[in-house]
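# Structure at a glance
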Amino acid sequence: MFNRTRTLALALAAPLLAAPVFAPAAAAPAGPAPVHGFAMHGAPKYGPDFAHFDYANPGAPKGGAVVAEASRTYDSLNPFILKGLAAAGIGLVYDTLMTPSADEPFTYYGLVAEGIEVPEDRSWVAFRLDPRARWHDGKPIVADDVAWTFETLVEVGHPFYRSYYADVESVEKDGDRRVVFRFAGGGANRELPLIVAQMVVLPKHYWEGRDFAATTLEPPVGSGPYRISGLEAGRSISYERVRDYWAADLPVNRGRWNFDSIRYEYYRDRDVATEAFKSGAFDLRQENSAKRWATAFEFPAREAGMAVKLEIPHENSTHMQGFVFNARKPLFRDPRVRRALTGAFDFEWTNETVMYGAYTRTESYFSNTELSSRRAGLPSGEELDILEGLRGRIPEEVFTTVYEAPETDGSGNIRRNLRAAFALLGEAGWRVGEDRKLRNAAGEAFAFELLLAQPSMEKIALPFKDNLERLGVDMSVRTVDPAQYQSRVDNFDFDMIVNTFGQSLSPGNEQRNYWHSERADTPGSGNLIGVRDPAVDELVELVIAAPSRESLVARTRALDRVLLWSHYVVPHFHSRAARLVFWNRFGRPETVARHSHGYPSTWWIDPEKDAALARWREGGGD
């Protein structure tokens, strides 16, 4: 499942197919009656006559202006290509064929498409477009827009799209309101109907005559709840609510998109942004720094009840963040080397000393979910059968030991871990020279660069660097500007970076992008590590083809084990709650979605709270 909201998540298919064939309308199959929603496994939670999502308040008032924080900068309003840094919030401009529920693992409901047709074997999917669907310029959204969007994304969009949709064999327009997507493999990839349902729809009439592959700062035509109302390139961008938004009263949108305007202000430094927030420059921030969370928000407004600091638990995957090895580099090709360096990261000391004890060590690529191999103990049942079929080609530890990251006592003394690391490095051919530097048989020093985009990560990296020096390893730390960082990462021009591998509750096509061999050399792909392992390729394909939820869990756990015991990352840490601090002017639904805190889509401006805040500010904040 594609799981990076309104931005690019990267995936890879098996050998890339030729460009999809656009067949004549006569070829479009007849199928089952269209339904309002579709679930990956089982039935949708919400029936065909549902009025609104449980976590949305249909009585929420519309109105008000909010200011949000954005990081670094932007130089493009085209988020669908490899070039450029897309503006924050740009997804607000666009609608997708269908839209997800935030309290189900992987279920989509009608948006641009009022109905979806899926045969039992899932070998194709058809979408019936809502006759009310309109672009912001008033033109109707038609099947030709959908087909053109797909063709354009695959042919000239970000490389992600060609791989993510690689199993789409053909697209057929059946009149103005029906589009059929046929799939390769006869429906083996069970999530393909939903993969296509996620697709954003773009206006063919707007883009014709424009260079889709180029960055642009020209506000585009969309069909979503907001349109761009103003921008200052790289510094801010503003969106206004579309008053005649065609989908405002659809069940999926009732009680949502309540603010009249949303403006994103950019800050290159989050500590500077913290002070800006406290001065009232913007309304809400999601805090990712334990130190700031613990120390930065004890200020008069909070004491007066005018600012709120809130942790909202969630049931999402907490993903895998870590120091990521570039296994393309000869230095990191040996898993013993990668495992050795993992032992030099003292999480326990870092957590208590630097992060105020706020985090839990991450020990799964699918942590906080039933997909995690940690929850299952040793493999059994279908998972064990799968792994047995790969025995001899995968780490033997997957059969004997549940993965645990190296532990310390938190004192800063990690001699035991360093001794184990020295032994592994010795097995891999590294010895300490007279200069106390680790060197290989050719006399080359063990030296590499950790590339960072955020200065705030240096406080985690520098203690790691100090521990590596005790091993005789020279790790330099370099923080660069956003554009340079993105370019280097897209082209795999790094030794080590910090990255998060985002995961949904229904893994699928995106796993190809993260781990499949054929994505290892594709610029801009998510296979940042450079994984080239036929066994991993097989596991990825098994995950994608899982016929049931139970099978998906077993297959994902098998993939998780193999990735963990291959030591591709030095695992970091996670929190199981969203940390929000905001000015007390918002209303929020009583029911919180299992997989989202709701801002900005389901919050609203509470007139009484807003007035009280205004009076407090007018009185000098006393």
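Preceding block: the structure.
A brief look at the structure comes next. (Residues numbered from 1 in each chain as written. Predicted model: local features only at pLDDT ≥ 70, side-chain atom pairs only at ≥ 80, totals over all residues. Heavy atoms only, no water.)

### Regarding the overall build of the protein
Helix and strand counts for the protein stand at 18 helices and 26 strands. Relative to a compact globule of 622 residues, whose C-alpha radius of gyration would be 25 Å, the protein shows 25 Å and is just as compact. Per-residue burial for the protein yields a buried fraction of 57% across its 622 residues. At a minimum sequence separation of 6, the contacts of the protein that also span at least 24 residues come to 75%. Separation between the mean location of the 72 positive side-chain charges and that of the 84 negative ones in the protein comes to 2 Å. (Helix = DSSP H or I, 4+ residues; strand = E, 2+ residues; numbered from the N terminus. Rg over C-alpha atoms; globule rule 2.2 N^0.38 Å. Buried < 20%, exposed > 50% of the residue type's maximum accessible area, 1.4 Å probe, protein only. Contact = heavy atoms within 4.5 Å. Lys, Arg positive; Asp, Glu negative; His and termini not counted. Charge placed at Lys NZ, Arg CZ, Asp CG, Glu CD.)

### With respect to the environment of Y356
Structurally, Y356 can be placed in the loop between α9 (347–353) and β16 (360–361). Under the relative-accessibility criterion, Y356 is labelled partly exposed at 42%. In this structure, the C-alpha to C-alpha distance between Y356 and T295, residues 61 residues apart in sequence, is 9.6 Å. With residues near it in sequence (within four places) discarded, Y356 still touches A290, K291, A294, T295 and N351.

### Section: the sheet that holds strand β22 (residues 569–571)
Across the sheet, 5 strands lie side by side as β20-β19-β21-β15-β22; this open sheet has mixed pairing. What marks the edges here is a single partner per strand, and that holds for β20 (474–479) and β22. The sheet shows a mean angle of 35° between the axes of neighbouring strands, taken without regard to direction. Sheet topology places strand β15 (residues 320–325) next to β22; 3 bridges connect them, and they run antiparallel. Following the sheet pairing, F323 is matched in β22 by V570. (Pairing = 2+ DSSP bridges. Axes fitted to C-alpha atoms, helices over the stretch in contact; angles between N-to-C directions.)

### Regarding the nonpolar core
L97, F127, F181 and Y239 are the most contacted members of the largest nonpolar core, which has 89 residues in total. When near neighbours in sequence (up to four residues on either side) are disregarded, F181 contacts W124, V125, F127, V146, F150, V168, S170, V171, V196 and M199. Core analysis: the next-biggest nonpolar cluster, separate from the first, contains 45 residues, Y485, A535, L564 and W565 among them. (Core = buried A, V, L, I, M, F, W, Y, C linked by side-chain atoms within 4.5 Å.)

### Brief notes about the packing of helix α8 (residues 335–342) against helix α12 (residues 415–427)
It is the contact of α8 with α12, at a shortest axis distance of 8 Å, that shows an interaxial angle of 165°. As summarised for this structure, α8 and α12 are arranged roughly antiparallel, according to the angle between their axes. For α8 against α12, the interelement crossing comes out left-handed. Mapping the contact onto sequence places R336, V337, R339, A340 and L341 in α8 and A421, L424, L425 and E427 in α12. (Parallel < 35°, antiparallel > 145°, perpendicular 65-115°, else oblique. Left-handed = near helix turned anticlockwise from the far one by under 90°.)

Functional significance is not addressed by these values, which are geometric in nature.
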